[in-house]
Amino acid sequence: MTITPVRPPCSRGPLISAEGLNGVGKTYLTNRAVEALKTKPLMLDEFSQRANGRPGLGEALLRSLREASAGDPFLRGGTPMAEALMLLAIKRHDLDTVLPDLARGQTVVEGRSVDTTAVCQALLLHPDDPEAALQTATELLGLASSYRPLPDLTILVTDDASKALERAQRRDSCVFTDEQADFMRAACTLFERLAATDPARYRVVDRRSVDEYEAAEQIRAWIQGAGGALACLLEPWQGPDAACMCCSRRTTVEAA
């Protein structure tokens, strides 16, 4: 007799994240892509777009980080590992708030997810060692995956860091310090290197090689094609026999 665990495709919607550093046009391009979709996904704002605040634990944690960082655009308060854990807690809270939507089969697009946390905090922990930063970013994603499932698809928008810096300063009516500009350049490089470690999950839009129309169309196609034959969404700490967080099914057993 052979016992084989079988888990058929889940009926849930896909969880997608849109990543990229400040000024690459991630939000603009994603919104353009979504406008062209017949069935609109649920859009979950990134941290910087939550200016008016939302009730709940996630917003309370984010408010604490903003206060501790004293206006730093990267929410840096001087304790990168503790901040990483708080940011991961916020992303877990975000997932909890959209589970009912995913369970109904809706596509959910997060404006930045755990990848941004991994990149930025790894750079803070290893500011002068690119190889150590890449390894730590990968390890932080492993830690994040013990808090919550990673996105089914991660769309990274990237560009020349200097152009992104110009856009970010113009958009926010501010001037970044030399240190902040250097941090952005390092984040741009690390994002691209991190994406290359997991081509199955990442899709990369490089604005150095496509115009905004092509970029938005690529993003639209990826979002539209993300559904179908999705695995169940499991609580990482409950093991492979856990019930799905969306459809509540458990692993079935076939005997032969």
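Quick caveat, the model's predicted, so the values are computed rather than measured. (Residues numbered from 1 in each chain as written. Predicted model: local features only at pLDDT ≥ 70, side-chain atom pairs only at ≥ 80, totals over all residues. Heavy atoms only, no water.)

A.B. asks: I'm lost on the sheet that holds strand β4 (residues 108–111) in this one. Help?
C.D. replies: Sheet strands pair by backbone hydrogen bonding; their relative direction is either parallel or antiparallel. What the five strands build is an open sheet, ordered β3-β4-β2-β5-β6; its pairing is parallel. On the outer flanks of this sheet lie β3 (42–44) and β6 (202–206), each paired with one strand and no other. Averaged over all pairs of adjacent strands, the angle between their axes in this sheet comes to 20°, without regard to strand direction. Examined bridge by bridge, β3 and β4 share three bridges and lie parallel to one another. What sits directly across from Leu44, in β4, is Glu110. Across the face of the sheet, helix α8 (residues 212–224) comes into contact with β2 (15–19), β4, β5 (153–158) and β6 while running at roughly 165° to β6. (Pairing = 2+ DSSP bridges. Helix = DSSP H or I, 4+ residues; strand = E, 2+ residues; numbered from the N terminus. Axes fitted to C-alpha atoms, helices over the stretch in contact; angles between N-to-C directions. Contact = heavy atoms within 4.5 Å.)

A.B. asks: Would you mind going over the state of the cysteines with me for this structure?
C.D. replies: Where two cysteines share a covalent bond between their sulfur atoms, that bond is called a disulfide. Going through the model one piece at a time under the given rule, you end up with zero disulfides. Here Cys10 stays free of any disulfide, with the sulfur of Cys247 as its closest cysteine sulfur at 3.7 Å. (Disulfide = S-S within 2.5 Å.)

A.B. asks: Would you mind going over helix α3 (residues 80–103) with me for this structure?
C.D. replies: Taking 1.5 Å per residue, 24 residues should reach 34 Å; α3 reaches 34 Å between its end C-alpha atoms and fits that length. Along α3, the sharpest kink reaches roughly 40°, centred on Thr97 and followed within four residues by the proline Pro100. Looking one or two residues beyond α3, the residue adopting positive phi is Gly105, at roughly 90°. (Expected span 1.5 Å × (residues − 1). Bend = angle between axes of the 7 residues up to and from the residue.)

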